[in-house]
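# Secondary and tertiary structure notes
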Amino acid sequence: MSRATTYSAVPGRTPASPAWRVLRSLILLVCCLLVIIPFASIVSTSLADAEQVNATGGFVLWPDNPSLDAYRAILSGGIVSRAMMVSIGVTVVGTALSLTTTALLAWGISRPGSFGHRPILLLLVLSMLFVPGVIPSYLLVKELGLINSYWALILPMMINAFNVIVLRSFFMSIPREILDAAKIDGAGELTVLTRIVAPLSKAALAVIGLFYAVAYWNSFFNAMLFINESAKWPMQLVLRTYVVNNAAIGAGEANAAGATLPPSYALQAAILVLSIIPVILVYPFLQRHMTKGVMLGAVKG
């Protein structure tokens, strides 16, 4: 009786034994459960009713009677709903400004004959090595009159040196023949950037835009330093205050005066879920560009 021939998915590699394949599958399953169970528990806790949350002492693995009371309480016009609008506005405006300025700067220093491209590139590299401290940053923002302003959440992080260098490398990988042909046809630098380079750089721009959007959405330290009014807090500072620091959420914060609030654990879980929903919704549309954009940007230095 002839033995069945087994083939490896990778040419030249000996196929794994059945025992190793089973062990590898179990390890992968355990890793997946370690990620899924805590996330599912947070979602379940936010949907559980007050009786079940109080009975379990906090976290719920599966809600018996799903309820949206926690979401209604925190989205009924209180501090959480305002923080969501602040974070969405800062993320959208900041990402648009950051992507525009980063593309313009990267395009300028990617051109060999552009004025001062080498000193500017050196300054960008030095800014990655020598990061200013908290006190100089605060004094600069204060002198600019941006304390307690939404611009204090955007301008200090509008240009990231790493993103500029990655985008510059991507621009330099575009064949010069395409750019020279456009200039022969009479196209200027801005036209070449917007009509030719930008469409060819969709993957890189999508990755850089995702980097900026996630950075703006997750930023809380600048808000903690520069924003004095709780009405101007972004979502992540609210998350830090009520979830990380375990501050009590009152009826005033949830705009539910005279009403019975859901348990604290359910409110905290609902805030946590709302803070990660935008990233979960946006990431699948840009995920296919992640590897391609970063790898292509690293071809040339």
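Residues numbered from 1 in each chain as written. Predicted model: local features only at pLDDT ≥ 70, side-chain atom pairs only at ≥ 80, totals over all residues. Heavy atoms only, no water.

### Digging into the overall build of the protein chain
Rule in force here: Strands are runs of DSSP state E lasting at least 2 residues, helices are runs of H or I lasting at least 4, and numbering of each runs from the N terminus. Accessibility here uses a 1.4 Å probe with only protein chains present; expressed as a share of the type maximum, an area under 20% marks a residue as buried, one over 50% as exposed, and anything in between as partly exposed. Any two residues whose heavy atoms approach within 4.5 Å are treated as being in contact. Working definition of accessibility: Shrake-Rupley area with a 1.4 Å probe, residue cover restricted to the visible protein chains.
In terms of helices and strands, the protein chain carries 14 helices and zero strands. Out of the 301 residues belonging to the protein chain, those deemed buried represent 36%. The contacts in the protein chain between residues at least 6 apart in sequence include a share of 72% that link residues at least 24 apart. Summing over all exposed atoms, the protein chain offers an accessible surface of approximately 17,900 Å²; the carbon and sulfur share of this is 68%.

### Quick notes on the nonpolar core
Put simply, the test is: Here, the term nonpolar core denotes a set of buried Ala, Val, Leu, Ile, Met, Phe, Trp, Tyr and Cys residues that are joined through side-chain atoms within 4.5 Å.
Membership of the largest hydrophobic core comes to 56 residues, with the highest contact counts inside it found for V80, L167, F171 and V197. Those elements that provide at least two residues to this core are α3 (69–74), α4 (79–110), α7 (161–172), α8 (176–184), α9 (189–200), α10 (202–218), α12 (235–244) and α14 (264–297). Looking at which element gives the most residues to this core, the answer is α4, with 10 residues. If we ignore the near neighbours within four places in the chain, the residues touching L167 are T102, A103, A106, A204, L205 and I208.

### Notes on a nonpolar patch on the surface
Just so we agree on the cut-off: Residues qualify for a patch when their relative accessible area is over 30% and they have no salt bridge, like charges being joined within 9 Å and the nonpolar side chains of Val, Leu, Ile, Met, Phe, Trp and Tyr within 5 Å. Just to be clear on terms, a salt bridge is a Lys or Arg side-chain nitrogen sitting within 4 Å of an Asp or Glu carboxyl oxygen.
Among the surface-exposed residues, V22, L26, L29, L33, I37, L61 and W62 lie close enough to one another that they form a single nonpolar patch of about 750 Å² accessible area. Mapping L29 onto the fold places it in helix α1 (residues 18–47).

### What about the pattern of salt bridges?
Within the structure shown, the criterion is met by one salt bridge. Put simply, E189 and K183 hold a salt bridge, and the shortest N to O gap is 3.0 Å. On the basis of relative accessibility, which here comes to 39%, the residue E189 falls in the partly exposed class.

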